[in-house]
Amino acid sequence: PLAWTILLVVLFIGLFSDLASKSWAFQNVASEPVVLKYDEVVSGQMHPPFHESVKVLPWGLLDFHLVLNRGAVFGIGQGGRAVFMIFTAIAVVVAIVVFGWWTRKSSHLAHVGIAMILAGGIGNLYDRVSVGAVRDFLHMLPGWNLPFGLHWPGGNTEVFPWVFNIADVLLLAGMGLLLIHVHYTGKEHPEQSTA
């Protein structure tokens, strides 16, 4: 029961935080609320209106800026909506299987990590199904440029040019927690030598 409680509470909090923050951002960041029309979003005809970024943290650490992402995390694979929907659905099933058959009842770190991955995956899947693209709005280190004239493929010179959302943070943090869990579980149960 404790494992299920951890999974469901973290999943609910993460999913609510993601969906509520995306809704808030698309209602408040631009000069007027952005109304997303599914057919226009899916066809690529609709983009958020031009708007000034909202500075959230000082020293250019974080801005709010609206973007519709038709790709995966950080905009990878633009236009592959159906593939990402199928992949996300499979990943959700795999995460539930891992939770049920791979973790122990005392593997609380793994339970939190799996719940975060589920929340992030379901949050972005919801956007792809109901909106037609993923709503992103977090822009970290805007205006910070790479040194020595370096640039990313495509010519962008910002240190971190991607706009993301809470779901992306949950996915990456959840994977990080699972890696930590696997690392420490391996130390607790080292393979016995056959020599």
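Residues numbered from 1 in each chain as written. Predicted model: local features only at pLDDT ≥ 70, side-chain atom pairs only at ≥ 80, totals over all residues. Heavy atoms only, no water.

*Asks:* Could you give an account of the overall build of the protein, naming the residues involved and the relevant values?
*Replies:* Secondary structure assignment for the protein yields five helices and four strands. The linear arrangement of helices and strands in the protein, starting from the amino end, is α-α-β-β-α-α-β-β-α. The 195 residues of the protein split such that 38% are buried. Partitioning the intrachain contacts of the protein with sequence separation of at least 6 by distance along the chain shows that 68% fall at a separation of at least 24. (Helix = DSSP H or I, 4+ residues; strand = E, 2+ residues; numbered from the N terminus. Buried < 20%, exposed > 50% of the residue type's maximum accessible area, 1.4 Å probe, protein only. Contact = heavy atoms within 4.5 Å.)

*Asks:* Report on the pairing of strand 2 (residues 62–69), specifying residues and quantitative values.
*Replies:* Here is the key point about a regular strand: its side chains alternate between the two faces of the sheet. Taken across its eight residues, strand 2 has six buried, putting it largely inside the fold. Note: strand 1 (residues 54–57) against strand 2, three bridges, orientation antiparallel. The residue bridging K55 from the neighbouring strand is D63, located in strand 2. Relative to strand 3 (residues 134–140), strand 2 is paired through six bridges, and the arrangement is antiparallel. Within strand 3, the position partnered with L62 by the bridge is M140. (Pairing = 2+ DSSP bridges.)

*Asks:* Residues and numbers for unusual backbone geometry, please.
*Replies:* One non-glycine residue with positive phi stands out, namely L141, at about 55°. For L141, the location among the structural elements is in the loop between strand 3 and strand 4 (163–164). A residue is classified by how much of its surface remains accessible, and L141, at 17% relative accessible area, is buried. Not every positive phi belongs to a glycine, and F148 is a case in point at roughly 60°. With respect to the element layout, F148 can be found in the loop between strand 3 and strand 4. The exposure class assigned to F148 is exposed, which follows from its relative accessible area of 80%.

*Asks:* I'd love a proper account of the environment of V54, names of residues and values included.
*Replies:* Note on placement: V54 falls in strand 1. Separated by eleven residues in the primary sequence, V54 and H65 have C-alpha atoms spaced 6.7 Å apart. Discounting chain neighbours no more than four positions away, the residues touching V54 are V29, L62, D63 and F64.

*Asks:* I'd like a description of a nonpolar patch on the surface, backed by residues and values.
*Replies:* Together, V54, V56, L57, W59, L61 and W144 make up a nonpolar patch on the protein surface, roughly 570 Å² of accessible area in all. If you trace the backbone, L57 turns up in strand 1. (Patch = residues over 30% accessible without salt bridge, like charges linked within 9 Å, V, L, I, M, F, W, Y side chains within 5 Å. Areas by Shrake-Rupley, 256 points an atom, 1.4 Å probe, with all protein chains shown as cover. Salt bridge = Lys/Arg side-chain N within 4 Å of Asp/Glu carboxyl O.)

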